[in-house]
Amino acid sequence: MLVELHCHTRRHSSCSRLEPESAVREAVARGLQGLLLTEHGYWWPDDELAALRAAAGVPEHFVLLAGQEVETELGHVLVIGVTLSLPEQYRVADLRRRFPDAALVRAHPWRGGGSPGDPGLQHPAFAAVEVFNRNQCPAENIAALRAWHRLRFTATAGSDAHLPGQVGTFPTLFDHPVTTVAALAAELHAGRCRPLCKEIARAGST
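Just so it is clear, the model here is predicted, and its values are computed rather than measured.

Colleague: Explain the overall build of the protein chain residue by residue, including any values.
Modeller: The secondary structure content of the protein chain amounts to six helices and nine strands. Its C-alpha radius of gyration of 16 Å places the protein chain within 12% of the 17 Å reference for a compact globule of 206 residues. Once local pairs closer than 6 in sequence are excluded, the contacts in the protein chain between residues at least 24 apart make up 66%. If the 20 positive side-chain charges of the protein chain are averaged to one point and the 22 negative ones to another, these points end up 6 Å apart.

Right, here's the structure in full:
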């Protein structure tokens, strides 16, 4: 199952210029099976998601869910599986203690030349680390790919969409279909996902 795990819309993220209906339609047009809205410190309630689904006119099988992006002492974290908005800054340990079932994904840690280091990438509070992100330059995404290959932590990708045409650039591939945000969080905790990454094989390999 292909899912966009990192998307901001102008309705609830002031940094975005992407209409929510356009975000959903772009995900469908790119062949994704699901979209997770991750506004800054805002969780879309179920009734608002249902209204968005109706307005976007997406197929019934398409999965539309909500997480959020939260400020922490370790940078931005995608919080998946919490059903209330978290607009304040939090410590990662407090998020983990307060929401034990939520999946915390460390977002774009290489952005702007960041160097998260091995302990930061293997932090026990995180279910996964986002390795591919539109807001990381190619060199940073390559550094992230190398770290993932070396350390083998659970990795995700996210387009971090803020503008039309960006949704689905970096989707995440899940081993099993999910229909709820709780199931999505459980799959992340179990490590049953990875970035959709087509790599060039070496000569002579299959």
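Picking up after the structure, the text goes on.
Colleague: Can you tell me about the pattern of salt bridges, naming the residues and giving the values?
Modeller: All told, the structure shown has six salt bridges when counted by the stated rule. Residues Arg11 and Glu21 are paired through a salt bridge, measuring 3.1 Å at the closest nitrogen-oxygen approach. Placement of the pair is Arg11 in the loop between strand E1 (2–4) and helix H1 (20–29) and Glu21 in helix H1, with a sequence separation of ten residues. By relative accessible area, which is 39% here, Arg11 ends up partly exposed.

Colleague: Which residues make up the side chain of Thr9, and what values go with them?
Modeller: Along the chain, the position of Thr9 falls in the loop between E1 and H1. Accessibility expressed as a relative area gives 0% for Thr9, which makes it buried. If sequence neighbours within four positions are ignored, Thr9 has contacts with Ser16, Leu18, Glu19, Pro20, Ala23, Leu37, Glu39 and Trp44.

Colleague: Lay out the side chain of Arg106 with the relevant residues and their values.
Modeller: Here Arg106 lies in strand E5 (residues 103–106). One buried charged side chain, Arg106, makes no salt bridge at all; its nearest oppositely charged neighbour is Glu73, positioned 8.9 Å away. Here Gly120 takes part through its backbone oxygen, which lies 3.1 Å from a polar atom of the side chain of Arg106. With sequence-adjacent residues up to four places away left out, Arg106 is seen in contact with Leu74, His76, Pro116, Gly120, Leu121, Phe126, Ala128, Val129 and Glu130.

Colleague: Break down unusual backbone geometry for me, with residues and values.
Modeller: One non-glycine residue, His108, lies in positive phi territory at about 30 degrees. Relative to the assigned elements, His108 resides in the loop between E5 and helix H4 (117–121). Look at His108 and you get buried, because its relative accessible area is 5%.

Colleague: Pulling in residues and values, what's your account of the pairing of E5?
Modeller: Covered by surrounding structure in E5 are Ala103 and Val105 together with Leu104 and Arg106, the residues of both alternating faces. Here four bridges tie strand E4 (residues 75–80) to E5, and the two strands are oriented antiparallel to one another. The residue of E5 that forms the bridge with Val77 is Arg106. Bridge count for E5 against strand E6 (residues 128–133) is two bridges, and the pairing is parallel. Bridging across to E6, Val105 finds its partner in Ala128.

Colleague: Got a sec to walk through the packing of H1 against helix H2 (residues 46–56)? Specific residues and values, please.
Modeller: H2 packs onto H1 with a crossing angle of 65 degrees between their chain directions and a minimal axis gap of 9 Å. Taken together, H1 and H2 sit at an angle that is classed as roughly perpendicular. Seen along the crossing, H1 lies across H2 with a hand that is right-handed. When H1 is examined against H2, the residues Pro20, Glu21, Val24 and Arg25 are found in contact with a partner set consisting of Leu52, Ala55 and Ala56. Grouping the constituent residues of the contact of H1 with H2 by class yields five nonpolar, no polar and two charged.

Reading the values: rules and limits
Residues numbered from 1 in each chain as written. Predicted model: local features only at pLDDT ≥ 70, side-chain atom pairs only at ≥ 80, totals over all residues. Heavy atoms only, no water. Helix = DSSP H or I, 4+ residues; strand = E, 2+ residues; numbered from the N terminus. Rg over C-alpha atoms; globule rule 2.2 N^0.38 Å. Contact = heavy atoms within 4.5 Å. Lys, Arg positive; Asp, Glu negative; His and termini not counted. Charge placed at Lys NZ, Arg CZ, Asp CG, Glu CD. Salt bridge = Lys/Arg side-chain N within 4 Å of Asp/Glu carboxyl O. Buried < 20%, exposed > 50% of the residue type's maximum accessible area, 1.4 Å probe, protein only. Polar contact = N/O pair within 3.5 Å; in protein donor to acceptor, adjacent residues only side chain to side chain. Pairing = 2+ DSSP bridges. Axes fitted to C-alpha atoms, helices over the stretch in contact; angles between N-to-C directions. Parallel < 35°, antiparallel > 145°, perpendicular 65-115°, else oblique. Left-handed = near helix turned anticlockwise from the far one by under 90°. Nonpolar A, V, L, I, M, F, W, Y, C, P; charged D, E, K, R; others polar.

Everything listed is a geometric property; what it means functionally is a separate question.
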